[in-house]
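Chain by chain, the residues run as shown.
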Amino acid sequence: MAMSRKSKVITILSITVVLALTLFVYFRFYFVYSSGVNAGDINYFQQQGVIFKTYEGKMIQSGFKSADRSATGLRSNEFKFSVTDKALADSLMRCSGKHVELRWKRYLGTLPWRGTSQYVATEILSVE
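Residues numbered from 1 in each chain as written. Predicted model: local features only at pLDDT ≥ 70, side-chain atom pairs only at ≥ 80, totals over all residues. Heavy atoms only, no water.

(A) Examining the pattern of salt bridges more closely. Scanning all chains against the criterion turns up three salt bridges. We note a salt bridge from lysine 86 to aspartate 90, for which the minimum N-O separation is 3.3 Å. With a gap of four residues between them, lysine 86 and aspartate 90 both fall in helix H2 (residues 86–93), about one helical turn apart. The class for lysine 86 is partly exposed, based on a relative accessible area of 48%. A salt bridge links glutamate 123 to arginine 103; the shortest N-O distance between them is 3.3 Å. (Salt bridge = Lys/Arg side-chain N within 4 Å of Asp/Glu carboxyl O. Helix = DSSP H or I, 4+ residues; strand = E, 2+ residues; numbered from the N terminus. Buried < 20%, exposed > 50% of the residue type's maximum accessible area, 1.4 Å probe, protein only.)

(B) A look at the packing of aromatic side chains. Summed over all chains, the structure comprises ten aromatic pairs. Above the ring of tyrosine 107, the side-chain terminus of arginine 114 is found at 3.8 Å from the ring centroid. (Phe/Tyr/Trp six-rings, centres within 6.5 Å; stacked < 30°, edge-to-face > 60°. Lys NZ or Arg CZ within 6 Å of the ring centre and 35° of its normal.)

(C) Seen up close, the nonpolar core. Core analysis: the biggest nonpolar cluster contains 15 residues, and Ile42, Phe45, Phe81, Val83, Leu92 and Leu102 have the highest contact counts within it. For this core, the secondary structure elements donating two or more residues are strand S1 (32–48), strand S2 (54–66), strand S3 (74–83), H2 and strand S4 (99–107). Dropping the residues within four chain positions of it, phenylalanine 81 is found in contact with Ile42, Phe45, Tyr55, Glu56, Gly57, Lys58, Met59, Leu92, Leu102, Ser117, Tyr119 and Ala121. (Core = buried A, V, L, I, M, F, W, Y, C linked by side-chain atoms within 4.5 Å. Contact = heavy atoms within 4.5 Å.)

(D) Up close: the confidence of the model for the protein. Model confidence for the protein is summarised by a mean pLDDT of 90, while 88% of its residues fall at 70 or above. By mean pLDDT, S2 is the weakest element of the protein at 83, and S4 is the strongest at 96. (pLDDT = per-residue confidence, 0-100.)

(E) Examining H2 more closely. Listed as buried for H2 are Leu88, Ala89 and Leu92. For H2, the buried positions fall inside an angular range of 100 degrees around the axis, keeping them on one side. (Arc of directions from axis to C-beta.)

(F) Representation of the side chain of serine 117 in the model. On the secondary structure map, serine 117 appears in the loop between S4 and strand S5 (119–127). Relative accessible area serves as the criterion here: at 10%, serine 117 is assigned to the buried category.

(G) The side chain of glutamine 61, seen in detail. Here glutamine 61 shows up in strand S2. For glutamine 61, a relative accessible area of 16% gives the class buried. Those residues in contact with glutamine 61 that sit more than four places away from it in its chain are Asn38, Ala39, Gly40, Asn77, Glu78 and Phe79.

Structure below.
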């Protein structure tokens, strides 16, 4: 039994929408946009969340940057990051106040179970 023209259009349109949505979700939440290494002093590192308990940290890097485009003044150069690996998180819990070099991956979007930052730390390279 042959499909009617209307059902073919609906099938093709449905497949196209599902494919487009799949590509969007992949590139937005799972595609690694960039990766790199940052070094600085760990200001804080904590576990937080109501439903999803995630590990969040902030690193203070050397140097300063302007507060924003419209205001004058300087502020410290901060790097906020999340951690998904519990073993890495346990190591970072002991690094507060120390100079740490972290390897990270940046995603274009955040997921509740991955943390609040686009930057996800994946490895400690050195601690001083």
